[in-house]
Amino acid sequence: MGLGINIGDKDSSNLSPSQILVFSSIFMVVGLALTGFGFTQYQDQSESIDNAVNITATVTDTNIRTDSSRRGGIDYQAEINFEYSYEGTGYSSDFIYPLDDDREFNQESEAEEFIENYPTGQRVGASVNPEKPGDAFLNAKRSDQPLILTIIGGIMVIIGGYKTTRSFI
């Protein structure tokens, strides 16, 4: 079948069953780890959003950080720091979203436009999960990152399992 895997200059069809077993097992373990991590992130995100309590926070600082992009360019990441009080205790956070994903932009002007909505000293709405009061966030938007990690991990497990099974047939 056409699921040959190239390892260095070798095609998997030229590997011994024990070599295929080792490589496919590693592939499966990495896939399981990705699936577990994605699932855990999904649960954490859902819990934070579903149990969120609305609070008022005060923006203390904003910043645009530059980061080298995987595409070879530059990404601009909006950072917003804010302080808030929950049940009489003061906290600070910089989570824009529940998973602490930074808001990335391709253009610096887009990042500037985003943080203009959060001037220093402004009171803004935020959300906090009572079980994690130190991790308040500004936007209760769900990320698809956990689902993508879970799907990629699942595919890796299936391919690794298939290759492992095929090495003994």
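This text follows the structure it describes.
Quick look at the structure, then. For every chain, the first residue of its written sequence is number 1, and the numbers climb from 1 along that sequence. The predicted origin of the model limits local features to residues at a pLDDT of at least 70 and limits the giving and counting of side-chain atom pairs to 80 or more, whereas totals for whole chains, interfaces and linings rest on all residues. The basis for the side-chain values is all heavy atoms of the structure; hydrogens and waters are excluded.

**Here's the deal with the nonpolar core**
- What makes a nonpolar core is a set of buried Ala, Val, Leu, Ile, Met, Phe, Trp, Tyr and Cys residues whose side-chain atoms join them at distances within 4.5 Å. Relative accessible area decides the class of each residue, using a 1.4 Å probe on protein chains only: under 20% of the type maximum gives buried, over 50% gives exposed, and in between gives partly exposed. Formed by 22 residues in total, the largest nonpolar core has its most connected members in I55, I80, F82, Y84, F114, Y118 and L138.
- Only DSSP runs of H or I with at least four residues qualify as helices, and only runs of E with at least two residues qualify as strands; both kinds are numbered from the N terminus onward. When contributions to this core are tallied by element, the ones reaching two or more residues are β3 (53-68), β4 (74-86), α2 (108-115) and β7 (123-129).
- Considering each element in turn, this core owes the most residues, six residues, to β4.
- In this description, contact between two residues means that some pair of their heavy atoms is separated by no more than 4.5 Å. Not counting residues up to four positions away in its chain, the partners in contact with I55 are Y84, Y86, V124, G125, A126, S127, V128 and A136.

**Things to note about the environment of E108**
- Secondary-structure assignment places E108 in helix α2.
- For E108, a relative accessible area of 38% corresponds to the partly exposed category.
- For the pair E108 and A78, spaced 30 residues apart in the sequence, the C-alpha separation amounts to 9.3 Å.
- Apart from residues no more than four positions distant in its own chain, E108 is found in contact with I64 and Y76.

**Overview of the packing of aromatic side chains**
- Pairing of aromatic rings covers Phe, Tyr and the six-membered ring of Trp, with a centre-to-centre limit of 6.5 Å; geometry is then stacked below 30 degrees between planes, edge-to-face above 60, and tilted otherwise. Under the definition given, this model contains four aromatic pairs.
- Look at F82 and Y84: their rings are 5.9 Å apart centre to centre, the planes differ by 35°, and that puts the pair in the tilted class.
- In this structure Y84 comes out as buried when scored by relative accessible area, which is 4%.
- Ring geometry for Y84 and Y91: centres 5.5 Å apart, planes at 20°, overall stacked.
- A relative accessible area of 24% means that Y91 is categorised as partly exposed.
- Taken together, the ring pairs connect F82, Y84 and Y91 into an aromatic cluster.

**Digging into the pattern of salt bridges**
- When a carboxyl oxygen of Asp or Glu is within 4 Å of a side-chain nitrogen of Lys or Arg, the pair counts as a salt bridge. Under the criterion given, the structure shown has two salt bridges.
- A salt bridge links K132 to D44; the shortest N-O distance between them is 4.0 Å. In this pair, K132 is assigned in strand β8 (residues 132-137) and D44 in helix α1 (residues 17-50), connecting sequence segments 88 residues apart.
- The partly exposed category is assigned to D44, whose relative accessible area is 27%.
- With a shortest N-O distance of 3.1 Å, R65 and E79 are connected by a salt bridge. Note that R65 is positioned in strand β3 and E79 in strand β4, a separation of 14 residues in sequence.
- A relative accessible area of 22% places E79 in the partly exposed class.

**Concerning a nonpolar patch on the surface**
- Patches in this entry comprise residues that are over 30% relatively accessible and not in a salt bridge; like charges within 9 Å are linked, as are nonpolar side chains (Val, Leu, Ile, Met, Phe, Trp, Tyr) within 5 Å. For the area figures, the Shrake-Rupley method with a 1.4 Å probe applies, and any residue is considered shielded solely by the protein chains shown. Residues V22, F23, I26 and V30 make up a contiguous nonpolar surface patch of about 340 Å² in total accessible area.
- Locating I26 in the fold gives a position in helix α1.

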